[in-house]
Amino acid sequence: MHTKLIRSTLCASAVAIAFSGCADMSATQRGTATGAGVGAGLGAILGASTGGGGGGRTTRGALLGAAAGAVVGNVWSKRMEQQRQTMEQATRGTGVQVSQTADNRLKLEIPSDISFDSGRADIKSNFRPILDRFATTLNDNRAAFVTIIGHTDSTGGDAINQPLSLDRAASARDYLASHGVSAGRVTVEGRAAREPVASNDNPTGRARNRRVEIYVNEPQQQG
């Protein structure tokens, strides 16, 4: 019985690792998925081999292993912590939210009032000093990769909002590239109005939904 469960779990792990190679996944997602798959397999083996508990122990081991593996997919290094502290100082009082995510990414959430004018994709002047400092931290940590995601409110429809959200992310990427950050390290995505953080029924909520999110991750190096 234990052998069958271990085989099933290892098969699931292999699927997770294979899935982690999909072309439409970011480097962060691939690292997280791979870590989860490997962690699940190791957790299942350890859970079954320590005796007692049967299939339930194996399953619990797989779940714990997957959770640990997902975090192992990206590292929170000293350089990442320095980036977080630097960006917190650089954005203090601007409304930019700087945080560490559960899967060890640095997240910068840029509100619309400092990043882009309504309906425009050109970077506003008060967004440039933030990107200047951000580019410096990336040039200091060349192991890091970046994902920039543009969002809009629901006005205008998807035919307008999708290219607008992508253009905003691309503008931020191009600005970083002009300051020495290789474009190959940066992935851009446009989500239009599909992921609101507030209601689109009022001006305040729509303003919150018009935003850019920047994620930085440092993938775990495999031995």
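See the structure printed just above.
Read on for a plain summary of the structure. From a predicted model like this one, the values you see are computed outputs, not experimental measurements. (Residues numbered from 1 in each chain as written. Predicted model: local features only at pLDDT ≥ 70, side-chain atom pairs only at ≥ 80, totals over all residues. Heavy atoms only, no water.)

Structurally, the α-helix is built with 3.6 residues per turn, so residues lying three or four positions apart point the same way. Over its 13 residues, helix α6 (residues 128-140) extends 18 Å from the first C-alpha to the last, a length consistent with the 18 Å expected when each residue adds 1.5 Å. Those residues of α6 lying buried are Ile130, Leu131, Phe134, Ala135, Thr137 and Leu138. All buried residues of α6 fall inside an arc of 165° around its axis, so they share one side. Lining the buried residues of α6 we find α4 (78-91), β2 (105-111), α5 (112-115), β3 (145-151), α7 (158-177) and β5 (211-217). (Helix = DSSP H or I, 4+ residues; strand = E, 2+ residues; numbered from the N terminus. Expected span 1.5 Å × (residues − 1). Buried < 20%, exposed > 50% of the residue type's maximum accessible area, 1.4 Å probe, protein only. Arc of directions from axis to C-beta. Contact = heavy atoms within 4.5 Å.)

Another point: the pattern of salt bridges. The full count for this structure, using the stated rule, is 14 salt bridges. One salt bridge in this structure joins Lys107 and Glu213, with 3.9 Å as the shortest N-O distance. Placement of the pair is Lys107 in strand β2 and Glu213 in strand β5, with a sequence separation of 106 residues. Relative accessible area serves as the criterion here: at 19%, Lys107 is assigned to the buried category. Residue Glu213 is classed as buried on the basis of its relative accessible area, which comes to 5%. Salt-bridge contacts for Arg210 lead to Asp153; the nearest nitrogen and oxygen are separated by 2.6 Å. Highlighted residues: Arg210 in the loop between α8 (203-209) and β5 and Asp153 in the loop between β3 and α7, separated in sequence by 57 residues. The burial state of Arg210 is the same as that of Asp153; both residues are buried. Here the salt bridges do not stand alone but share partners, grouping Lys107, Glu109, Arg211 and Glu213 into one network. (Salt bridge = Lys/Arg side-chain N within 4 Å of Asp/Glu carboxyl O.)

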